[in-house]
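Results of the structural survey
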Amino acid sequence: MNTFSQRLLTLIFVASLCLLSVTNLQPVRADNLSGKLVVDVESWMIDKYNMKELAARFMKDHPNVEVEVITHEGLGASYQNIFLEWAQTKASTADLYFGGLISQLSPVIIDNALLPWDEIMTGDLAPDKWIKGFLSYSEVPGAKDGEKYLTLPGLGETINFQYNTKLFESAGLKAPTSYDELYTAACKLAAMKVNDKSLLGFEGEYNLNFAPDTWMAAVTAEEGTYLTADGKPNWDSAAGKRWIEFQKKIVDNKCGGTSVLTDNNGARNALKAGQAAIINASNSRLSEGSVALCAEKDTFPCKSGETIQAFDYFGGKGTLAFSHQIYIPRVAKNINAARAFAKEQLLSSYAQTWSAMHYGKMPTIWANYDALPKNVNFDHVRNELKGDTQGQWVYRDGQLLRQLYVDNLQSYLSGKITLDEMISKLKDGTDKADLTVPKG
Amino acid sequence: MGKARLTGKISIGRPVTGRDMERRQTQFALFLIIPSIIMIGLFIGYPLVYSFFLTFSKFTIQKVDWFAAGTSNYSLVFKDQTFWDALGFTLLYTMTYVVISMALGLLVAVLLQQVTMGGSIFRGILFLPTVIPVTMGLLMFQWVLDPNNGVLNHVLLRVLNRPDLVHNWLTDETTAFGTLVTVTLWGFGPWILLLAGLLAIPKDFYEAARVDGATRFGEFQHITLPLLRNTVMIVTTLQTIKALKLFVPIYVLTEGNPAGSTRSLYYLVFQKINNGQNYYAYATTVGWIFAAIVLVISILTTLIARQTRER
């Protein structure tokens, strides 16, 4: 081969290589995120918030980040383990946490163990873009600018009654508007049989999951707040006593079941099975129950209508709203990636609308709420959130007070103590508790 | 040939005695168990001592004020009615469980000993509760005992037509305790260990007794029981400790409810941890009081067992 041919071949070869390289080039991302990101969520969120999908989406957008999703239980003991790890080892297994109510997180909020989110709350995440009923729960009262939000609400819920519209229809009943109507409906339904099985009229919440929240909701609805002027639970409230006595009447006259005493999910499961006519818990049961009882599977909303719908606590002066929080401990390693994951995935329209449609866990940002399909239950919760709302108590000893309420409520329901004794024990226990709250 | 002449010095050690051998063997044995001692010291001994000192201290997640509490943690616990209720439940459950489980275990073991045909089949069936994971078995019972849809109430209502016997087994205070005891006995007690003890009794004794005209009950009374005494004492101690440590059935089935009526001391410790760092000291102190109770009961049963052996 002569020199000219050699040079020509070399030129063609090099040009081919260059052409191949150019066609294989991908757009260069300005991505300073890298390393491992560990996201720790409450175990139920793996399914109900589609965490694996969110992790996959994030890794696709940020190829240099490896996301590992781990879980912890939603019980107090798990949170104590997490808090101990942060304090004792000055390190954290996870960079980002999702799950936990302010009442569970108040100790670490008070102890300033969390990083503030304020600097990312601009544009679509500016405070006015959030649902006030949820964001206000996360705001630290009196905190200076830049440190107002040590947690962000990731998914939200309200407390109301959920009832089976078809059972109500067959009994000739309408949604109750007073305790008397509710009692009458519960007892009438409890006397009915469906498919030769007895119905549960009103399956109340008498355990740690929601019992204290139903008290807070009942008092808030009638009196606007469940707190006294000095910030303590208003155990003497007439509305609260009415609510407690109502539950006793239901139990004593067998107009409802008590499975929740030993199974926190007893009422929800009975509702989804079509056996409980009325329950009272978080609004997510509306979607869960409707999806379970819809004749047309895998459709949302249910084409034949939502079987499970809501009515509010009586009084109309406010709704109890709470949310599960997103937070980063100060001792986390990959803070940038954690913030990015929260912003891009946990608070995305995809994640929040997906969770709402499949499991009734409500968005915490109005834009994501507005993206939901039209649905009677979503509209009901929207109206609740547009009105006055109050969050759960956030004392350092908040969990103790919840246990105190449950123990005394169960003693009262079983006839061991009177209502006056119950109120006295609650007041006594509250006086001994640490009522420190997060504040700036 | 002449005698060989030894040249050079020969060093002859003193003769090795039996005591030397024993000392060397002891040293070697100690050397072998040093790793275990270190592990036990690190993972059991150190936490034990640490937590014991904590019961006299004030502590939160952030810091420990050593010995700042004095005995106030203990006073707090002893003044709390919840503690006494949990202690009462734990002791009552232990007494009930141990007595019934030993009787049931002994009955099953004796029956299995007597069976000549199909014994292995019966043993296999009776062994099933042991191989099923504890939590799985308890969840199964949760379904069986469900007041609305459970098999038990369905049988009572529909098959036996006894609506008067239908109960909220786990949520009714009158039945919760008995139901819990029954569920924890579904393995028929410690029949495996008792059967092993029974099978170790030489058959010659029974043959000799039969030759002398002893009845079955007489054989049981004068041969089986005396020769099984040591096994029974050891198994009773184990069952007692097991009952005192009751936690998983409560966690799965009742959560200490209704109204704390099925709350054991172990479960109380767990609940107090749930209440937050202000109650770590309380929970640690309850844990140590409980450990002391278990120790006392273990020592008592061991002493009784030793006296029985000597007799």
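In the block above lies the structure referred to throughout.
Our subject in this report is the structure included herewith. Just so you know, these numbers come straight off a predicted model, no measurement behind them. (Residues numbered from 1 in each chain as written. Chains lettered and ligands numbered in written order. Predicted model: local features only at pLDDT ≥ 70, side-chain atom pairs only at ≥ 80, totals over all residues. Heavy atoms only, no water.)

Turning our attention to the state of the cysteines. Residue and element names in this part refer to chain A. Tallied over the entire structure, the rule returns two disulfides over all chains. Paired through a disulfide, Cys187 and Cys255 show a sulfur-sulfur distance of 2.0 Å. Its S-S torsion of approximately 95° makes the covalent link between Cys187 and Cys255 right-handed. Linking Cys187 in helix 8 (residues 179-190) with Cys255 in the loop between helix 10 (238-252) and helix 11 (266-272), this pair joins segments that are 68 residues apart in sequence. Here Cys294 connects covalently by a disulfide to Cys302, the sulfurs 2.0 Å from one another. Its torsion about the S-S bond being 90°, the disulfide of Cys294 and Cys302 is classed as right-handed. Exposure remark for Cys302: the relative accessible area of 7% places this residue in the buried category. (Disulfide = S-S within 2.5 Å. Helix = DSSP H or I, 4+ residues; strand = E, 2+ residues; numbered from the N terminus. Buried < 20%, exposed > 50% of the residue type's maximum accessible area, 1.4 Å probe, protein only.)

With that out of the way, let us pick up the environment of A:Gly142. Secondary-structure assignment places A:Gly142 in the loop between helix 6 (132-138) and strand 4 (152-164). Between the C-alpha atom of A:Gly142 and that of A:Ser355, which follows or precedes it by 213 residues, the distance is 32 Å.

All names here are of chain B. Among the secondary structure elements, Leu227 is positioned in helix 10 (residues 216-244). Counting along the chain gives 21 residues from Leu227 to Val248, while the straight-line C-alpha distance between them is 34 Å. Once residues within four sequence positions are removed from consideration, Leu227 is found in contact with Ile201 and Phe205. (Contact = heavy atoms within 4.5 Å.)

Residue and element names in this part refer to chain B. Within the element layout of this structure, Met136 appears in helix 5 (residues 134-144). Its relative accessible area of 54% is what places Met136 among the exposed residues. When the C-alpha atoms of Met136 and Val252 are compared, they prove to be 9.7 Å apart, with 116 residues separating the residues in sequence.

Residue B:Asn257 is joined to B:Pro258 through a cis peptide bond whose omega torsion reads 0°. By the secondary structure assignment, B:Pro258 is in the loop between helix 11 (248-254) and helix 12 (265-274). Positive phi, close to 55°, is recorded for A:Lys90, a residue that is not glycine. Tracing the chain through its elements places A:Lys90 in the loop between helix 4 (76-89) and strand 3 (96-98). You will see that B:Ala259, though not glycine, has its phi angle at about 55°, which is positive. Mapping B:Ala259 onto the fold places it in the loop between helix 11 and helix 12. The class of B:Ala259 is buried, set by a relative accessible area of 11%.

With 32 residues of chain A at the contact, the number on the chain B side is 31 residues. Carbon and sulfur atoms supply 41% of the area that chain A and chain B bury against each other, a total of about 2700 Å² over both sides. When the buried area of chain A at its contact with chain B is split by residue, A:Gln80, A:Thr262 and A:Leu400 rank highest and sum to 21% of it. Linking A:Lys416 and B:Glu173 is a salt bridge whose minimum nitrogen-to-oxygen distance equals 3.3 Å. Taken together, chain A and chain B are joined by 15 residue pairs in polar contact (both at pLDDT 80 or more). For the side of chain A that touches chain B, the elements supplying multiple residues, two or more each, are helix 4 and helix 17 (398-413) of chain A. Element by element, the count of residues in the side of chain A that touches chain B is highest for helix 4 of chain A, at seven residues. Of the residues belonging to the side of chain A that touches chain B, the class tally is nine nonpolar, 14 polar and nine charged. (Buried area = accessible area lost by both parts, 1.4 Å probe. Salt bridge = Lys/Arg side-chain N within 4 Å of Asp/Glu carboxyl O. Polar contact = N/O pair within 3.5 Å; in protein donor to acceptor, adjacent residues only side chain to side chain. Nonpolar A, V, L, I, M, F, W, Y, C, P; charged D, E, K, R; others polar.)

What the largest pocket holds in volume is close to 1400 Å³. Those elements giving two or more residues to the lining of the largest pocket turn out to be helix 17 and helix 18 (419-432) of chain A together with strand 1 (58-59), helix 2 (72-79), helix 3 (81-114), helix 12 and helix 13 (280-310) of chain B. For the lining of the largest pocket, the leading source of residues is helix 17 of chain A, giving six residues. Residue composition of the lining of the largest pocket, by class: 13 nonpolar, 16 polar and 14 charged. (1 Å grid on protein atoms, 1.4 Å probe; cavity = no way out; pocket = protein on both sides within 12 Å on 5 of 7 lines; lining within 4 Å. Points joined across faces, edges and corners; volume = space filled by probe spheres on them.)

Turning our attention to the pattern of salt bridges. Residue and element names in this part refer to chain A. Summed over all chains, the structure comprises 23 salt bridges over all chains. A salt bridge links Glu222 to Arg242; its shortest N-O distance comes to 2.5 Å. Linking Glu222 in helix 9 (residues 211-223) with Arg242 in helix 10, this pair joins segments that are 20 residues apart in sequence. Residue classification places Glu222 among the partly exposed residues on the basis of a relative accessible area of 21%.

Next up on the list: empty space enclosed by the protein. This model, assessed by the stated rule, comprises one cavity of 30 Å³ or more. In this model, the largest cavity occupies a volume close to 60 Å³. Along its surface, the largest cavity is lined by A:Tyr79, A:Gln80, A:Ser103, A:Gln104, A:Pro107, A:Arg396, A:Gln399, B:Asn274, B:Asn275 and B:Gly276. The greatest single-element share of the lining of the largest cavity, amounting to three residues, is contributed by helix 5 (residues 102-110) of chain A. Taken together, the residues of the lining of the largest cavity sort by class into two nonpolar, seven polar and one charged.

Turning next to the packing of helix 9 of chain A against helix 10 of chain A. Residue and element names in this part refer to chain A. Remark: helix 9 packs on helix 10, axes separated minimally by 8 Å, with the N-to-C direction vectors making an angle of 130°. Taken together, the axes of helix 9 and helix 10 are oblique relative to one another. Read as a crossing pair, helix 9 and helix 10 show a hand that is right-handed. When helix 9 is examined against helix 10, the residues Thr214, Trp215, Ala218, Val219, Glu222 and Glu223 are found in contact with a partner set consisting of Ala238, Ala239, Gly240, Arg242, Trp243, Ile244 and Gln247. Of the residues contributing to the contact of helix 9 with helix 10, the split by class is seven nonpolar, three polar and three charged. (Axes fitted to C-alpha atoms, helices over the stretch in contact; angles between N-to-C directions. Parallel < 35°, antiparallel > 145°, perpendicular 65-115°, else oblique. Left-handed = near helix turned anticlockwise from the far one by under 90°.)

Residue and element names in this part refer to chain A. Across the nine residues of strand 10 (residues 319-327), nine count as buried, placing the element largely inside the fold. Sheet analysis places strand 3 next to strand 10, joined by two bridges and oriented antiparallel. Bridge pairing in strand 10 links Phe98 to Ile326. Two strands pair when backbone bridges link them, and strand 4 and strand 10 are joined in this way by six bridges, in the antiparallel orientation. In the sheet register, Thr158 faces strand 10, and the bridge partner there is Ala321. Across two bridges, the pairing between strand 10 and strand 11 (residues 389-390) is parallel. Each bridged residue has a counterpart across the sheet, and for Leu320 the counterpart in strand 11 is Gln390. (Pairing = 2+ DSSP bridges.)

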